[in-house]
Amino acid sequence: MDLQFTSEEEAFRLKVRGWFAENMPTSGLSADSEGRDDKTWLARAKVWQRRLYDAGYVALAWPKEYGGQALDPVRQSIVNDEMVRAKAPYLVGGLGLMMLGPTLISWGSEEQKQRYLPKILTAEEIWCQGYSEPGAGSDLASLKTRAEIVGDEFVVNGQKVWTSGAQYADMMFCLVRTDPEAPKHRGISYMLIDMHAPGITVRPLVQMTGDRGFNEVFFDNVHVPRKNLVAKLNEGWIVANATLFHERNMLGSASGSEQRFNRLLALAKSIKRGGRPLTEDPVFRQRLVELEIRVEAMRYHAIRQLTDQIRGKNPGVEAMINKLVGTELNHDLASAAMEAMGDYSMLSRDDEAVLDHGYWPYEWMFSLGLVIGGGTSHIQKNIIAERGLKMPKSR
Amino acid sequence: MDLQFTSEEEAFRLKVRGWFAENMPTSGLSADSEGRDDKTWLARAKVWQRRLYDAGYVALAWPKEYGGQALDPVRQSIVNDEMVRAKAPYLVGGLGLMMLGPTLISWGSEEQKQRYLPKILTAEEIWCQGYSEPGAGSDLASLKTRAEIVGDEFVVNGQKVWTSGAQYADMMFCLVRTDPEAPKHRGISYMLIDMHAPGITVRPLVQMTGDRGFNEVFFDNVHVPRKNLVAKLNEGWIVANATLFHERNMLGSASGSEQRFNRLLALAKSIKRGGRPLTEDPVFRQRLVELEIRVEAMRYHAIRQLTDQIRGKNPGVEAMINKLVGTELNHDLASAAMEAMGDYSMLSRDDEAVLDHGYWPYEWMFSLGLVIGGGTSHIQKNIIAERGLKMPKSR
Amino acid sequence: MDFGLSEEQQQLKESARAFLSGECPTTFVRKIMATDDGYPRELYAQIAKLGWSGLVVPEKFGGAGLGMLDMAMILEEGGYAAMPGPFLFSSVLAASVLKLGGSEQLNSKWLTALAEGKAIGTVAVVERAGSIDPVDIAAVATKDGAGWRLNGTKMFVPYANVADFIVVAAKSDAGEIFLFVVDAKAPGVTIRLLKNLDLTRRVSSVELKGAPAERLGGGTDLFAKLIDVAAVAVAADSLGGTERALEMAVEYSKVREQFGKPIGSFQALKHAAAEIVADLEPARAMLWYAAYAQDTGAADASRTAAMAKARLCDIYSRGTDRAVLMHGGIGFTWEHDMHLWFKRARFNESCFGSPAYHRERVAILGAY
Amino acid sequence: MDFGLSEEQQQLKESARAFLSGECPTTFVRKIMATDDGYPRELYAQIAKLGWSGLVVPEKFGGAGLGMLDMAMILEEGGYAAMPGPFLFSSVLAASVLKLGGSEQLNSKWLTALAEGKAIGTVAVVERAGSIDPVDIAAVATKDGAGWRLNGTKMFVPYANVADFIVVAAKSDAGEIFLFVVDAKAPGVTIRLLKNLDLTRRVSSVELKGAPAERLGGGTDLFAKLIDVAAVAVAADSLGGTERALEMAVEYSKVREQFGKPIGSFQALKHAAAEIVADLEPARAMLWYAAYAQDTGAADASRTAAMAKARLCDIYSRGTDRAVLMHGGIGFTWEHDMHLWFKRARFNESCFGSPAYHRERVAILGAY
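All of these numbers come straight from a predicted model, not from anything done at the bench.

**Structural notes on the domain arrangement of chain C**
Residue and element names in this part refer to chain C.
- Under the domain assignment, chain C is made up of domain 1 (7-120), domain 2 (122-220) and domain 3 (221-365).
- Distance from the C-alpha centre of domain 1 to the C-alpha centre of domain 3: 21 Å.
- Of the roughly 2,300 Å² buried where domain 1 meets domain 3, counting both sides, 68% is carbon and sulfur surface.
- Remark: the boundary between domain 1 and domain 3 carries three salt bridges.

**Structural notes on the interface of chain C and chain B**
- Taken together, the 45 residues of chain C in the interface contact 45 residues of chain B.
- Between chain C and chain B the total buried area reaches about 4,200 Å² when both faces are included, carbon and sulfur atoms providing 65% of it.
- Of all residues in chain C, the largest losses of buried area upon contact with chain B belong to Met1(C), Phe3(C) and Tyr368(C), amounting jointly to 23% of the total for that side.
- The interface formed by chain C and chain B includes seven salt bridges.
- When the shortest N-O distance is used, the salt bridge between Glu360(C) and Arg285(B) registers 2.9 Å.
- Remark: the boundary between chain C and chain B carries 18 residue pairs in polar contact (both at pLDDT 80 or more).
- Every element with two or more residues in the side of chain C that touches chain B is listed here: α7 (219-255), α8 (267-296), α9 (301-327) and α11 (355-365) of chain C.
- In terms of residue count, α8(C) provides more of the side of chain C that touches chain B than any other element does, 18 residues in total.
- Looking at the side of chain C that touches chain B residue by residue, the class counts come to 27 nonpolar, seven polar and 11 charged.

**Topic: the side chain of Thr307(A)**
- You can see Thr307(A) is positioned in helix α8 (residues 282-310).
- The contacts of Thr307(A), once residues within four sequence positions are left out, are Asp2(D), Phe3(D) and Gly4(D).

**Thoughts on the environment of His185(B)**
All names here are of chain B.
- Along the chain, His185 turns up in the loop between β4 (171-177) and β5 (188-194).
- Each C-alpha atom, one on His185 and one on Val317, is 23 Å from the other, the two residues being 132 residues apart in sequence.
- Not counting residues within four places of it along the chain, the set of residues in contact with His185 comprises Ala141 and Trp237.

**Focus: the packing of aromatic side chains**
- Applying the stated criterion across every chain yields a total of 64 aromatic pairs over all chains.
- On the numbers, 4.8 Å between centres and 85° between planes, the contact of Tyr344(A) with Phe156(C) is edge-to-face. Taken together, the positions of Tyr344(A) in the loop between α10 (322-340) and α11 (359-372) and Phe156(C) in strand β3 (residues 147-158) put the pair across two chains. Across this residue pair, the class does not change: Tyr344(A) and Phe156(C) are buried.
- A connected cluster of aromatic rings, assembled from ring pairs, spans Phe12(A), Trp19(A), Phe20(A), Trp48(A) and Tyr57(A).
- Over the ring of Phe12(A) we find Arg75(A), and its NZ or CZ is 5.1 Å from the ring centre.
- One residue, Arg215(C), lies across the ring of Phe178(C), its end atom 4.0 Å from the ring centre.

Quick notes on the rules
Residues numbered from 1 in each chain as written. Chains lettered and ligands numbered in written order. Predicted model: local features only at pLDDT ≥ 70, side-chain atom pairs only at ≥ 80, totals over all residues. Heavy atoms only, no water. Domains from an automatic or database assignment. Buried area = accessible area lost by both parts, 1.4 Å probe. Salt bridge = Lys/Arg side-chain N within 4 Å of Asp/Glu carboxyl O. Contact = heavy atoms within 4.5 Å. Polar contact = N/O pair within 3.5 Å; in protein donor to acceptor, adjacent residues only side chain to side chain. Helix = DSSP H or I, 4+ residues; strand = E, 2+ residues; numbered from the N terminus. Nonpolar A, V, L, I, M, F, W, Y, C, P; charged D, E, K, R; others polar. Phe/Tyr/Trp six-rings, centres within 6.5 Å; stacked < 30°, edge-to-face > 60°. Buried < 20%, exposed > 50% of the residue type's maximum accessible area, 1.4 Å probe, protein only. Lys NZ or Arg CZ within 6 Å of the ring centre and 35° of its normal.

See the structure below:
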């Protein structure tokens, strides 16, 4: 074990840190909660990702031929850490970068890689994900959106739901049913759909936070070229699982939890209860420490997985817990913050008197949404037990 | 609502209290943990129940014709409270009193009632329960102990397990399979078996506490008269469920939890941590209060059910939770006590230096046994969801 | 010896359920959520006719002269319906403290108006510290002739935006806490509506600059009584809210299918639901006792109120969290009603003292 | 940048697993549980040959000169096997403090003997108060010529009954805590074996009446270091124990049938098992770091040790509780092995400070 970075890595970190200090966008992108259907926001967000890419800080481990730098995961992790440290805004092209990209690199045709990967990096094309349907949530494989082969094309009909970013995305990676006769996991294909194609309607879903963000997407005879199929016909389920693995890791990010904990701690220090900071309240201290320990454990757990990745070890059961643990931890952090605020937790994020810039009321709700999204905690536990511990399936 | 007792009831309470003050056995019965296969213990325990019965304090609500007094449940509850208050030893005939008695009153033949009920009251006959089998735990209805009809008798073969008191019981109320062809719930009968009959072997099971208490009971061609069948042939499952209901209430007794909490509180007051009693530790105080609140809630919940009983209301979902909540609460109380004791929790109950007379190490383990026994918490939750909330069955 | 609801209480509860399910369905709640003041005047006119506004007001001031246990029936149903508006704060809290500490003259004015549904009152305790702890109260009352003048800023005052009078906790020169009645329209009173997370509720800041006030009798005891009544009232609302969240989740689990069967047939959902029931039923009995203890002035009335508040608010928060999860994605939408209770649970948890605060009170009152 | 076990560490762990599953199965553990002294001499002779006894002892005293991360491999496997005897207290704790604070002469004697498996050492911190808090230490050390004399009563001293020397925490006249080495056979030392709940462990009381002692260097710092090493060591044992409990419950759930299918196909059992994994895996990484931080003297070494102790002991207790439940009735019997870990979890939880105690330390060290 050696937790030291090399001098090259340390130098790289300083360079990245310096870059962020100089190039952080000053406005319009910093809050997580800003309306994402705002055109100005979108333009700014694209510019920000492009600037980051030009600086060499996006998807550093991707192959050079598709616009990456083929660097080791440590560099990527240094960039991630520094982004968190700088409180840099999330990347608008995140779904393409984190989910579709790695999937295409493994499963896509050469043509698909060349066509799509570079524009994912530069945010020229923004992607959304078309998995869930109204009748297919936890039981994703029961999806019904139908793609029929007509000549050189698929004709797609059906509906997706919980599609974040659909309102501004250029493309969707999507699961469709191509063989309704086959057993449910065998008749699904993975395809790439142009969101500007005729026949697509996007209807925003309003979250309990009051924000838009998720959408329903309707397909009415949408034509999709056959070359937009990823992997083989009817073999989309395997590809989807690979993507889902990336999603689950994205949702349970350890550095995000660390950032939230630091924010919670600062909040607790700033709140006086009976004249003393809440951090000096013996009961709340215990709660804070319990949370910090869980955050720290996840941090080491992430570094361990990074090491396994560098060593070329296949992920085991330890990788299956990231989504479950990370999202529940984030919701617990937010719940503790709400409790810390006392009656200030009654305020919505846009009240003048709200604490900590209104971060927590939104985070408290949204974090619960992430416990649900991307496979609920119940589904995650099934996966851990059945795939990780080989306990017998019950369905 | 009227939580006042009538002046008659108050007078009765004082009389009971006085009786216990004068008549409490001074030795040999007070610890819960004494070896129950000790003959002296058994003789003393029978004498104690008999004395209590002669005083008029056993099963006060039973019909007069079988040795009861046909009093209302309030009197019984006053006696129960006073027994707890006096820290009186448990009754050796408890299973007969709490489980078989009420079942026979509802389901037994007149002959059975006359034959068995009076001796349950006087502890002349001690009962044990023959339900669980090695292959039939949570899935009790899959039991295999077979009773074949041969002439006027049943011939019983098979094995029961977790039979507490089998080593000294005179009789067993027992579930046996009388129709192996029928669907599993339909081929079970409820019968009364003489434990002194030839062909019965009792083998003690040692608990994790190191004590005997539970047993395995083997039946090898045991002859049981046909008149010992309770209710109709093959209709034992319904009777068993009635008995189980009584068991679950017995295991989740609120006054027992109250007694344990008081003991925990006294323990915490007696322990100094950093020079101050543990009750002044802000963190442990929170834990104590949380437990006390749960105990108090169960106390009111029990009084509410007593009222429903007096009013003749059928028990609903609220009665289904008694076992689940009561047993988990008791285990949580014991775990808190173990934590309170710090390193003293390392000691077994018979060490000189052990705190609180060694009550807690045993209670900590035994209380977990009761979370399991009589239908595990998992089974209880299934019952609450399926019978109480009408959620769909999954099996 | 009878620990259960009387027939009248049962009827009161059933009629409240029937009335609110007809007049205050979630479509109606949402309509009121979207208004500025969050106060459904017409509904409240009906409520006054039903006698709820004056339920705990003595008969001589036009009320029904009933107690907290009776009131708990309505509060529970109000929580079940997520009923918006100032009912709990006006007809329960303001009414209770006036009844106990108001002069004949004051009560003839305000209590009568309250009972008739012609006035709304509220109570103002919390300040910038965001806590109900007496040490965190800084508002000052100064004697001024026969009356008093108040200075200070109260925060999170429920429905001050529509109140006619406000019961304010403030300290005398000697540092003792008293309750004072202030006319909401009096000079020196500035009310600013805050933006709420739980839109079935409204809270405001109330700035007092030499506002004229009348002192209620009872001093610190009355303040303590206010906290007790508030604890029981919020607990009753939480009981009803938890019931509703459970009911919604269970019903949804029976109709929503995944993997070819209703999701309610999965053990994880069954156990989540069963655990809510196991929390809820004993707490219901405790709430009854806590309300009864208020009515009878039992020695443990304060302690039991604190217990009920701590327990039921914990159960409500945990229960709604689980109920959202049991719904899956749909439970996270604005369109689905689940979030009404999810947010109201959060409001109740902090309103009049957190569970941890009340647990510490239980320890103190129990001389741990 | 490499956060994982080295190949040597992997091998050490695997060979420990293989060795203990052969030499220390539960039949063997039970045999030792039934003995008076709880000390499997022959097993320990083999352990010495394997080099475990001297693993952290410097080479010049006959050890392997390795660190806590290496030792954590063995401790984890010891926990997995519920290995009885003084290993953790002697070869880890006593060895570590001697290494850091012992004089050349003292170490030539005891450390060498430890490494060779010819002596057993232990540490004595806790007294009648039952806590490791320095304020609860009352044993007194008085200067006596070149040496010291100790007076006081130590409680819950692990394996003092078989120890050759005891490292005792005592206060000087000035109230400062130092560690002292006492010969277990010296005059003035009375050892009484206590009766243990966890029979894979033995603790004793140690009465010191003017017992001659030698002081270790380092004072309060060394005492703090002892607590850190103990925290990491007990955490490592807990990690292995939780793994074993989980594994047993999962295996049982695959073979035990109820309702016509393996009980492991019921979601309640799956989720219980999954929750243990979700607790355990991140804590494993934390334990690695805590051991590594001891070896590198990282600034957060104490804080991380406290974190690992608090977290892993909580996980162990909760995990074994659940594992017993997952077994149903059989898990409650003496015959089934589950209770070995169930009780060992309880021992570990209090041993060298409760989770709550260590959490408070984390807060203090983090300047909350």
